[in-house]
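Remarks on the overall topology
Chain by chain, the residues:
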Amino acid sequence: MPRTPVNVTVTGAAGQIGYALLFRIASGHLLGPDTPVRLRLLEITPALSAAEGTAMELDDCAFPLLSGIDISDDPNVAFDGANVALLVGARPRTKGMERGDLLEANGGIFKPQGKAINDHAADDVKVLVVGNPANTNALIARAAAPDVPAERFTAMTRLDHNRALSQLSKKTGVPVSEIRRLTIWGNHSATQYPDIFHAEVAGKNAAEAVADEQWLANEFIPTVAKRGAAIIEARGASSAASAANAAIDHVHTWVNGTPDGDWTSMAVPSDGSYGVPEGLISSFPVTTAGGEYRIVQGLDVNEFSRTRIDASVTELTEEREAVRALGLI
Ligand code: NAD
Ligand code: LMR
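About the thresholds
The numbering scheme is per chain: residues are counted from 1 as the chain's sequence reads. Lettering of chains starts at A and numbering of ligands starts at 1, both following the order in which they are written. Totals for whole chains, interfaces and linings use all residues, but because this is a predicted model, local features are given only for residues with pLDDT of at least 70 and pairs of side-chain atoms are given and counted only at 80 or more. To obtain the side-chain values, all non-hydrogen atoms of the structure were included, while hydrogens and water were left out. Start and end points for every domain follow an automatic or database-based domain assignment. By convention, the term buried area covers the 1.4 Å-probe accessible surface removed from two parts as they join, with the contributions of both added. Salt-bridge detection follows one rule: a side-chain nitrogen of Lys or Arg within 4 Å of a carboxyl oxygen of Asp or Glu. As used in this structure description, the phrase polar contact means that two N or O atoms lie within 3.5 Å; if the pair is within protein, one of them must be able to donate a hydrogen and the other to accept it, and residues adjacent in sequence are counted only when both atoms belong to side chains. Secondary structure elements follow DSSP: runs of H or I of four or more residues count as helices, runs of E of two or more count as strands, with numbering from the N terminus. Classification convention: Asp, Glu, Lys, Arg as charged; Ala, Val, Leu, Ile, Met, Phe, Trp, Tyr, Cys, Pro as nonpolar; all other residues, Gly among them, as polar.

On to the domain arrangement of the chain, then. Segmentation of the chain into domains returns domain 1 (6-155) and domain 2 (157-321). A separation of 23 Å is found between the C-alpha centroids of domain 1 and domain 2. Summed over both partners, the interface of domain 1 with domain 2 comes to about 2500 Å²; 63% of that surface belongs to carbon and sulfur atoms. The three residues of domain 1 that bury the most area against domain 2 are Gln 16, Lys 126 and Asn 135, which together make up 23% of that side's buried surface. Remark: the boundary between domain 1 and domain 2 carries zero salt bridges. Counting the contacts that link domain 1 with domain 2 gives 12 residue pairs in polar contact (both at pLDDT 80 or more). Elements with a minimum of two residues in the side of domain 1 that touches domain 2: helix H1 (16-26), strand S4 (84-87), helix H4 (99-120), strand S5 (126-129), helix H5 (134-143) and strand S6 (153-155). The element best represented in the side of domain 1 that touches domain 2 is H1, accounting for six residues. Class assignment for the residues of the side of domain 1 that touches domain 2 results in 18 nonpolar, six polar and six charged.

Here you go:
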């Protein structure tokens, strides 16, 4: 018997991440080779034609798992029945825009989208916010969706996690498949903290294997934290295929579980763990099983890590204060 298709809503579908993401969702990389999907694409009115062009290309791939594509500029339509919601479309920072202006502009997007998810999405909806500032956009959407369990709203730090894996692999010469338990803490911004103190490379503690605090503080952490800006500088556009890949990884892991003995990084509403104020959407080490995630408990946080986690969490607290002052949460 064919299974009922899972409704996957993607916002910003005509953008560059959307173009790298949709074909992989339709070919089964998001939910697996046995799960049919129906794509529900949300775009702003001027970009509907471009979204239709992408839908034509999706049709032309004849993906066996793709059961249909709907396109709309109305969040109430696009989130109707959504089981998975990928909130990619966002307002980029433009010249002369202050941080407050950016938060306000994105509030105008994520507040109505949160409400539409609240009113129309499926009971089991899982939300991933990719559009920047991702953590705080997720906070805004979650606040507008009081009937949806708060823990279903997450933001993406999996790209940062994958970047950290790759940098550590290069430094140690150990393949990424033999690196476990890396953590990204905090905000998806330059204040994020990629933590290798609990990580293992080929079964050995990563910090001990590297034994190079200079590299850790002055190369590894800034390279990972500023990678997004380095890609914009080199490409003239922000990361797209790697961001789409990380979005696939995030949802795939959430749905299918983390391997035994490993964890991943997700920005999720804090329950107060590790001193992160409750309700902030901050990145933590998480394990997943049965479609749910749990923040890994009981890790020792040394002085080096504490200072850096606190700095990123302070930034998130300030963002929360700013959107509160704007009446967005
Ligand atoms: P893009 O400008 O190519 O595409 C964004 C799309 O969103 C556009 O097609 C636009 O029309 C659409 N859009 C704008 N407002 C919308 C709305 N209200 N509803 C639906 N669609 C809307 O941008 P991109 O390169 O695809 O990046 C998208 C976002 O992802 C940006 O905010 C970017 O900074 C962010 N990003 C996050 C990460 C991460 O790791 N969290 C990584 C890379 C990029
Ligand atoms: C990234 O990490 O690549 C992006 O979040 C950068 C950006 O500002 O879009």
